[in-house]
Amino acid sequence: MCDDSSQIVSLAQASKFENAIRLKDRALLPGLINAHSHAFQRVIRGRTEYRTANTRDSFWTWREMMYSAATRLTPEDIYDAARMAFLEMALSGITAVGEFHYLHHGPDGTPYEDPNLLAKEVVRAAQDVGLRIALLRVAYARSGYESEPNPQQIRFIEKDPETYLRNLEQLSKDLGRTNDRPHATAWVGTAPHSVRAVPLDYLRQVIQFADERELPVHMHLAEQQAEVSACIQEYGRSPVALLATEGLLGERFTGIHSIHVTPKAIAMLAAARAMICACPTTERNLGDGIVPVDSFFKQGLRVALGTDSHVEIDLLEDARELEYHLRLQKMERAVLGSAEDSGMSAIAVRLFASATVSGAESIDAPGGTLEPGRPADFFTVDLNDPSIAGASEDDLLSSIVFALSKTAVKDVVVGGNRIVEDGRHAQQEEIIERFKKLQKKLWG
Ligand SMILES: [Zn+2]
């Protein structure tokens, strides 16, 4: 039951178990929280799956292809691409997204009259689809340590922290009432891109600003070995050690990826109560490596999930990949479980918490769980869908986490508004048509 402001005041006592409510032919679950997205990258899906002229393809060769799209998009294109990505998120049960937004300027690097024009196009796309959005505005100062400027990064760069912080502050003001708690629909966070792209002094100022205003801080961290080596070369420390020794980690800090980290670095992240955001469907697509999430959980770290490059959009696939990648690596099963677990899968409970509660904490979203005082953000799944039919009460959550097909998602509700009804979104055809036109324009 909800009050007038669509806040949950009480929950029906229809068989409630571990964060899901079982109704007759439906299960009702808290909306999934996608903590890391680059919405515009939806335009390159399926277009980078071949070998280039290089002898060895990698994240870095993929990035050149991604940049070739990023340099060409108009504000309207960005709206259309973002709406497509957000539609697919809504249809898969996602109710809030953390958008790691780094396209700021026009194609020639000149700021738009409103320096937040593109950020606002992304926010408008999320609002038109009906998702909550944390616009994690990216600080990007340089190509890298002792690297020549890369002309393809010209749309991202705000060279000095004053410009970046002024624009961030203005964006937060312009979002106005949407920022209001506890029903925020669009709000800002800070996102210093990486230790590669943001020098230490700049980073200190951004984090100080975030601390003063209690904003989330998201940062790409140790996705690639090369970025760890460059950091050691510049500062004599790994990225995590640099952040820890400079006092820049904290409870509102989320390290995106965090793949190439040592046990010592993991202990530093845990001591600071920082968070991790893993993006396994993207990480496997890019050949980044495997997130050591077993070590993270052992140290009590909270792990959120993101669909990142949108090679596919299915956050429960990201959840199950956390476990599956470790199984392949270690050649054993149930890596994230423990001998004390019995009955319902503790692995499923843990992975589902990553897709909900931890994501909400990471991007400071109001949802994440179904409990009184929280907004009514949830989705329902059809218990007769072939992917989960026949699941018992005890194994329903692990059936959902390990096997749910997106076709089983029937209703998606954000703040009491039903944005997906019987598996369909009201603007679905129009969004897809516009996106098809955009793809034709970009790629012929
Ligand atoms: Zn990313």
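Novice: So what exactly am I meant to see when it comes to the packing of aromatic side chains here?
Specialist: How two aromatic rings sit relative to each other is given by the distance of their centres and the angle of their planes. The full count for this structure, using the stated rule, is eight aromatic pairs. Ring plane angle 35 degrees and centroid distance 6.0 Å describe the contact between Phe-59 and Trp-62, whose orientation is recorded as tilted. One end of the pair, Phe-59, and the other, Trp-62, are both in helix 1 (residues 59-70), three residues apart, so they sit about a helical turn from each other. In terms of burial, Phe-59 and Trp-62 fall into one category: buried. A ring pair is formed by Tyr-164 and Tyr-202, whose centres lie 6.5 Å apart and whose planes are at 50 degrees; its orientation type is tilted.

Novice: Any chance you could explain the coordination of the zinc ion here in plain terms?
Specialist: Coordination angles at a metal have ideal targets, namely 109.5 degrees for four tetrahedral donors and 90 or 180 degrees for six octahedral donors. Within the protein, the zinc ion binds to His-36 (NE2), His-38 (NE2), His-220 (NE2) and Asp-308 (OD); these donor distances fall in the range 2.1 to 2.8 Å. What the four donor atoms of the zinc ion show is an angle range of 80 to 172 degrees at the metal, which sorts the shape as irregular. Considered as a linear motif, the donors of the zinc ion on their single chain read H-x1-H-x181-H-x87-D. Taken together, the residues His-38 in the loop between strand 4 (32-37) and helix 1 and His-220 in strand 8 (residues 217-221) connect sequence positions 182 residues apart.

Novice: Looking at this structure, I do not really get the environment of Leu-171. What am I missing?
Specialist: Secondary-structure assignment places Leu-171 in helix 4 (residues 161-175). Considered as a pair, Leu-171 and His-425 are 254 residues apart in the sequence and their alpha carbons are 29 Å apart. Excluding residues within four positions of it along the chain, Leu-171 makes contact with Asn-116, Ala-119, Lys-120, Leu-135, Arg-137 and Val-188.

Novice: Sorry if this is basic, but what is going on with the packing of helix 11 (residues 315-330) against helix 14 (residues 396-403) here?
Specialist: Between two packed helices, what matters for the description is the angle formed by their axes and the separation of those axes. Across the interface, helix 11 lies against helix 14 with an axial gap of 7 Å and an inter-helix angle of 85 degrees. Viewed along their axes, helix 11 and helix 14 adopt a mutual orientation that is roughly perpendicular. Note on element contacts: helix 14 touches helix 11 through Ile-400, Val-401, Phe-402 and Ala-403, opposite Leu-316, Arg-320, Glu-323, Tyr-324 and Arg-327.

Novice: Hey, could you run me through the pairing of strand 5 (residues 94-101) in this one?
Specialist: Looking down a regular strand, the side chains alternate between one sheet face and the other. Most of strand 5 is tucked away, with eight of its eight residues classed as buried. Pairing of strand 4 with strand 5 involves four bridges; the strand directions are parallel. Its bridge partner being in strand 5, Asn-34 is matched across the sheet by Val-97. Bridge count for strand 5 against strand 6 (residues 132-139) is six bridges, and the pairing is parallel. By the bridge assignment, Glu-99 is partnered in strand 6 with Leu-135. Taken together, strand 5, helix 3 (residues 117-129) and strand 6 constitute a β-α-β crossover, and its handedness is right-handed.

Thresholds applied
Residues numbered from 1 in each chain as written. Predicted model: local features only at pLDDT ≥ 70, side-chain atom pairs only at ≥ 80, totals over all residues. Heavy atoms only, no water. Phe/Tyr/Trp six-rings, centres within 6.5 Å; stacked < 30°, edge-to-face > 60°. Helix = DSSP H or I, 4+ residues; strand = E, 2+ residues; numbered from the N terminus. Buried < 20%, exposed > 50% of the residue type's maximum accessible area, 1.4 Å probe, protein only. Donors = N, O, S within 2.8 Å, 3.2 Å for Na, K, Ca; no water. Tetrahedral: all angles 85-135°; square planar, octahedral: opposite > 155°, others 65-115°. Contact = heavy atoms within 4.5 Å. Axes fitted to C-alpha atoms, helices over the stretch in contact; angles between N-to-C directions. Parallel < 35°, antiparallel > 145°, perpendicular 65-115°, else oblique. Pairing = 2+ DSSP bridges. Right-handed = clockwise from strand over helix to strand, strands pointing away.

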